[in-house]
Each structure stands twice: as C-alpha cells, then as structure tokens.
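Topology and contacts: notes
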Amino acid sequence: MKKNKYEIDMVNGSIMDKLISFSLPLMATSILQLMFNAVDIIVVGHFSGSDALAAVGATTALINIFTNLFIGISMGTNVLCARYYAAGHDKEMSESVHTAIALALLSGVLMAVVGFLLAGWALGLMDTPSDVIGQSTLYMKIYFLGMPFFMLYNYGAAVLRAVGDTKRPLFFLLFAGMANVVLDLLLVIVIPLGVAGVAIGTVASQMVSSVLVLRCLYQSEGSYQFRFRKLSIKGVYVKRIFQVGIPAGIQSTVINFSNALLQSSVNSFGSIAMAGYTAANNILGFLYVSVNAVTQACMSFTSQNYSVKKPKRMDRVLLDCIFLSAGISAVLGIGAYVFGTQLLGIYTSDAEVIRCGLEIVSITTVPYFLCGIMDLFPGAMRGMGYSAVPMVLSVIGTVGTRILWIYGFFPQNRSLHFLFISYPGSWIATIAMQAVCFYFVRKRCRKVLGV
C-alpha cells in the first residue's frame, strides 16, 4: 500500500504508532496555522490598539459560518479518495481528485464574491459595535478575496491526507506562514495599515500555500497526480463527495452559527469583553485543532479500512483515537488553565481584557477532552459513509443546548463565566446521542460488509 516515504499504510500493521505519525504533522500544521493567525491578533493588539483587536475578533464567527460549509465538503473528498486509494481504483481516484480541485476553485470564487458583498450587512446583524464595525468590514472584505487560494489549499491537502501524507502540507504551511509573519510586521508596524495590513498578509500567505500544494500534486506519481487539462466536475463523484461533505459542512456551519449567537452575547458586554473573547478563543483554537487532528486521522483510517472490509480494525482505530485525543486535550487543557494569565498576556497587556479572557478560559479548557470525544464518533461514522444523522445529532446536541442556554438561562445570570458553561454542557449532551448513533451505524456496516 505505501508507495513513498510520505504515505502511511493504514490497513496493515500496528495502529497507534501510525495514528500518531498521521496526527502529529496534521496537528503541527493546524497549530502553526493558528500561531500565524495569532500573530495577526498579537501585532494588531499591540500596535493598533484594542479596538483593532476587537475588530478582527468580531469577524471570526462570521468567517467560519461562511467557510465551513465548503471546508466540510473537503471531508467528503478525503473519505472518497481514501476509499478509492486503499481499494486500488486508480481511475476513480484520479477523477475524484480533479473533480475536488475544480469544486475548490468554483467554491472559492463564490465565497469571495458573497463574502465581499455581504460583509458589512452580516456584521451589522451581529450587533457589532459602531466603534469597530468599519474596521471589521474592511478586514472581512480583504480576507474573503483570498478564498479561492484558501479552498485550493484545503482540498489539495485533503487529497494528500487521504493517502496518509500529512507531512508535506506542514512544510507548505510553514513556508506560507513565515511569509504571513513578515508581511504582518511590514504592513502594520512599518507601513501602518492596521487591520487591512494583517488581512493582506493572510491573503498572500494563502496564495503561497495553495501554489505549493498544487505543485506537490502536479509532481506526484500515480493515481492522485494533478493536471490542469483534466480539471472537470463529474456528477458521480460530486454526489459521493456531497453525501459525506455536505452534512459535515452544514454541521460546522450551524455550530458556528451558534458561536455567532454567543459572539453577539459577548458583544453586549462591550469592546473590552470582545477583545478578551478574541484572545481566549484563539487559545481554545489551539485545543480544537489538536483534537481535530485525531478526528481527521480517525476518519481517514476508518475509510481505508472500510474499503478493504476490516471492521475489527475500524473498532480499534476508534478506541485508540479516543485514548489519543483524551490524552492530548487533557495535557493542553490543564496547561491552558494553569498558565491562562501568561497566555492571554501574549495577546494584550490590557488588564481588563486579560480578566475577561480568564473568565472564559476558566470554564472551557480543562473539560476540553469532551469536545475531542464528541467529534470522534461522527468522524468514524463519516469514514463509513454515514454523515447525515451524526450531523443532525451534533446540531441538536451542540446548537440546541447553547441556544437554550443563551436565551433561557443567561439573561438571568449575566457573566462571561456563566455564558461559557454552555460549552461543556453541549459537549456532554452531544456525546450521549452520538454514542448511541454509532452503535447502530456500526451494526449496519457489519451487515453491509458481510463480516
């Protein structure tokens, strides 16, 4: 199965060491991406003031709402390509790759247009304060101009992950992120463009990463080699990608909609609380991408083993992923809680902003292992080709709980600490429902596989 030094044989041999080999580079990639994004926040917070910091933070939930539907579709690309690759279906693999890249380009252009035109209107709906909405709109418009590059990188990286290659996307992002840091420093400190400067730096780095991943696919040998002349959108593969990807994307979009509602609640406390939430949310982002790397591994490993009819190995993959995810999130979550003041101090020197950030960190970091477990069950089910029901359950468990909390309990207990209790509460509710769903999906898959 393994054809070069970057690929991982997911269907034979030991599992845990391969999960770690797959997850660690992906985790490092995501952490580096967040670190480079954190540079945006740090540079703006220290050199353009708390209003600029709040302006950038106010766009986060909205950007996620707009982008996660299409990023979710890349999960469908990953599952489909992993299945064809493990089964040795070279023709289908090649056609899936070219369909996915064409979809990435089309969706990226669509996102650029929609985001640019609707940025100000959407920020207004979220009750973004008047003292930051102008800067927020400017940042969001520039950011969305880079969507074609952002989508191309994500879909190209999804193809590489499908064959077990998580190392080269790490190298590409490292190079692009360094360019982002240099441009941030140049366009905020040397040329004082404020939020526009960090947005331009982000777009430029996305362009670099997309060029590098397409170049990698172009130079690859075998079934996932990319050629521009073969770009096409074939309905049969679009349908299979959408069967997994659309529910995953809707799930992410709706969950981020609940985060946008939560952002609106934070906005009601003013720009200081917004800045504290921006910093705390960035710290939580590091925890999320760490456990999400294990979820991505679970999905890829499950998909490949499903294609070669190894259900016992699929069960072992999930169990090993639960242990790995819980261990990683426990270490990082406790560390973030213990060193919360110091971590928040990296983003801002404003004592009130740090205080607000600590209220959020104190209730969300230690139980973060629950979030990792919550995502693993849907990840395993997507690897088996079942995505719709896990999506519905995630929406009910996560979004339903948070909406109930925001509108039912929060108005009588207005504090950031109480508001963010909705996080661990929603994770517990969702785990319970997803575990029951997984039991029945696993039972049905064994019948389908005939083992």
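Residues numbered from 1 in each chain as written. Predicted model: local features only at pLDDT ≥ 70, side-chain atom pairs only at ≥ 80, totals over all residues. Heavy atoms only, no water.

**Describing the overall build of the protein**
We count it as follows: Helix and strand assignments follow DSSP, with helices taken as H or I runs no shorter than four residues and strands as E runs no shorter than two, numbered in order from the N terminus. Throughout, radius of gyration means the C-alpha value; the globule benchmark is 2.2 Å times the number of residues raised to the power 0.38. To sort residues, take the accessible area from a 1.4 Å probe on protein chains only and compare it with the maximum for the residue type: under 20% means buried, over 50% means exposed, and anything in between is partly exposed. The contact definition used throughout considers only heavy atoms, calling two residues in contact when any of these lie within 4.5 Å. Per-residue and other accessible areas follow the Shrake-Rupley method at a 1.4 Å probe size, with only the shown protein chains counted as cover for residues. When charges are counted, neither His nor the chain ends are considered; positive counts come from Lys and Arg and negative counts from Asp and Glu. Think of each charge as sitting on NZ of Lys, CZ of Arg, CG of Asp or CD of Glu.
Along the backbone of the protein there are 17 helices and zero strands. Over its C-alpha trace the protein gives a radius of gyration of 21 Å, about what one expects of a compact globule, namely 22 Å for 451 residues. Taken along the three principal axes of its C-alpha coordinates, the protein extends 60 × 45 × 35 Å. Out of the 451 residues belonging to the protein, those deemed buried represent 59%. Expressed as a percentage of contacts within the protein between residues at least 6 apart in sequence, the contacts between residues at least 24 apart total 85%. Summed over its atoms, the accessible surface of the protein is roughly 17,100 Å², and 69% of this surface lies on carbon and sulfur atoms. Put simply, the protein has 31 plus and 19 minus side-chain charges, and the middle of one group is 14 Å from the middle of the other.

**Here's the deal with unusual backbone geometry**
With phi around 60°, K309 is a residue other than glycine that occupies positive phi space. Residue placement: K309 occurs in the loop between α10 (271-307) and α11 (311-338).

**A closer look at the packing of helix α4 (residues 90-125) against helix α9 (residues 235-267)**
Working note: a packed helix pair is described by the angle between its axes plus the distance between those axes. What counts is decided by this rule: Interaxial angles span 0 to 180 degrees and are taken between N-to-C directions of axes, which are lines fitted to C-alpha atoms, for helices over the stretch in contact. Orientation labels follow simple angle bins: below 35 degrees gives roughly parallel, above 145 gives roughly antiparallel, 65 to 115 gives roughly perpendicular, and whatever is left gives oblique. In this classification, the charged set is Asp, Glu, Lys and Arg, the nonpolar set is Ala, Val, Leu, Ile, Met, Phe, Trp, Tyr, Cys and Pro, and all remaining amino acids, among them Gly, are polar.
Two elements in contact, α4 and α9, have axes whose closest approach is 9 Å; the angle formed by their N-to-C orientations is 75°. The angle between α4 and α9 places the two elements in the roughly perpendicular class. The residues of α9 that touch α4, namely those facing E92, E95, S96, T99, A100 and L103, are Y237, V238, I241 and F242. Considered class by class, the residues forming the contact of α4 with α9 number six nonpolar, two polar and two charged.

**Notes on the pattern of salt bridges**
Rules: Salt bridges are defined as contacts in which a side-chain nitrogen from Lys or Arg sits within 4 Å of a carboxyl oxygen from Asp or Glu.
Counted according to the given criterion, the structure contains seven salt bridges. Across the pair D320 and R316 runs a salt bridge, and its minimum N-O distance is 3.0 Å. Placement of the pair is D320 and R316 together in helix α11, with a separation of four residues, close to one helical turn. The buried category is assigned to D320, whose relative accessible area is 5%. Measuring nitrogen to oxygen at the nearest pair gives 3.1 Å for the salt bridge that ties E359 to R355. Residue E359 and its partner R355 are both found in helix α13 (residues 351-364); the two are separated by four residues, about one turn of the helix. Judged by relative accessible area, which is 40%, R355 ranks as partly exposed. Salt bridges sharing common partners tie together D315, R442 and R446.

**Quick notes on the environment of T295**
With respect to the helices and strands, T295 occurs in helix α10. Sequence-wise, T295 and S232 are 63 residues apart; in three dimensions their C-alpha atoms are separated by 30 Å. Not counting the four nearest positions on each side in its chain, T295 is found in contact with G372, D375, L376 and G379.

**Brief notes about the packing of aromatic side chains**
The condition is simple: We call Phe, Tyr and Trp rings a pair once their centres come within 6.5 Å, taking the six-membered ring for Trp, and we label the pair stacked below 30 degrees between planes, edge-to-face above 60, and tilted otherwise. A ring is scored as having a charge over it whenever the NZ atom of a lysine or the CZ atom of an arginine sits within 6 Å of its centre and within 35 degrees of its normal.
Here the structure, examined in full by the defined rule, presents 15 aromatic pairs. Summarising the aromatic geometry, the rings of Y277 and F420 are spaced 5.6 Å apart at their centres and angled 40° between planes, so their arrangement reads as tilted. Linking Y277 in helix α10 with F420 in the loop between α16 (416-419) and α17 (422-449), this pair joins segments that are 143 residues apart in sequence. Summarising the burial analysis for this pair, Y277 and F420 share the class buried. Three or more aromatic residues joined by ring pairs make a cluster, and in this case those are Y277, Y368, F420, Y423 and W427. Against the face of Y423 rests R402, its NZ or CZ located 4.2 Å from the ring centre. A cation over a ring is seen here: R414 above F269, with NZ or CZ 4.6 Å from the ring centre.

**A look at the side chain of S303**
With respect to the helices, strands and loops of the structure, S303 is situated in helix α10. By relative accessible area, S303 is classed as buried at 0%. Once residues within four sequence positions are removed from consideration, S303 is found in contact with V79, A82, R83 and G383.

**Here we look at α10**
Filter applied, for reference: Here, expected helix span is obtained from the residue count minus one, scaled by 1.5 Å.
With 37 residues, α10 should cover 54 Å at 1.5 Å per step; its first-to-last C-alpha distance of 51 Å lies within 8% of that length. Among the 37 residues that make up α10, 32 are buried, leaving the element largely enclosed by the rest of the structure. Positive phi shows up at K309, right after α10, with a value of about 60°.

**A short note on the side chain of S136**
Take S136: it is sitting in helix α5 (residues 130-144). Residue class for S136 comes out buried when judged on its relative accessible area of 0%. The contact partners of S136, leaving out residues within four places of it in the chain, are A55, A58, T59, L123 and T128.

**A few points about the nonpolar core**
The cut-off we apply is this: Remark: nonpolar core denotes a set of buried residues (Ala, Val, Leu, Ile, Met, Phe, Trp, Tyr, Cys) joined through side-chain atoms within 4.5 Å.
Counting residues in each nonpolar core, the largest one holds 74 residues, and the members touching the most others are L262, V266, F301, M384 and F420. Top contributing element to this core by residue count: α10, with 18 residues. Counting 66 residues, the second-largest nonpolar core is a separate cluster that includes F70, L103, Y224 and Y237.

**Section: a nonpolar patch on the surface**
Using the following cut-off: Exposure above 30% relative accessible area and the absence of a salt bridge qualify a residue for a patch, where like charges join within 9 Å and nonpolar side chains (Val, Leu, Ile, Met, Phe, Trp, Tyr) within 5 Å.
A cluster of nonpolar residues, L105, V109, V113, F116, L117, L118, W121, L125 and L145, forms a patch on the protein surface that exposes about 870 Å² of accessible area. Along the chain, the position of L118 falls in helix α4.

**Observations concerning the packing of α4 against helix α6 (residues 147-162)**
Going by this rule: Crossings are sorted by hand: turned counterclockwise from the far helix by less than a right angle, the near helix makes the crossing left-handed, and turned clockwise it makes it right-handed.
Where α4 meets α6, the axes come as close as 7 Å, and the angle between the chain directions of the two elements is 155°. With respect to their mutual orientation, α4 and α6 come out roughly antiparallel. As for the relative orientation of α4 and α6, their crossing is right-handed in sense. Contacts from V97, A100, I101, A104, L105, S107, G108, V109, M111 and A112 in α4 reach M147, P148, M151, L152, Y155, G156 and V159 in α6. Taken together, the residues of the contact of α4 with α6 break down into 14 nonpolar, three polar and no charged.

**Details of the environment of A432**
Inspection of the secondary structure puts A432 in helix α17. The sequence separation of A432 and I233 amounts to 199 residues, and the corresponding C-alpha distance is 39 Å.

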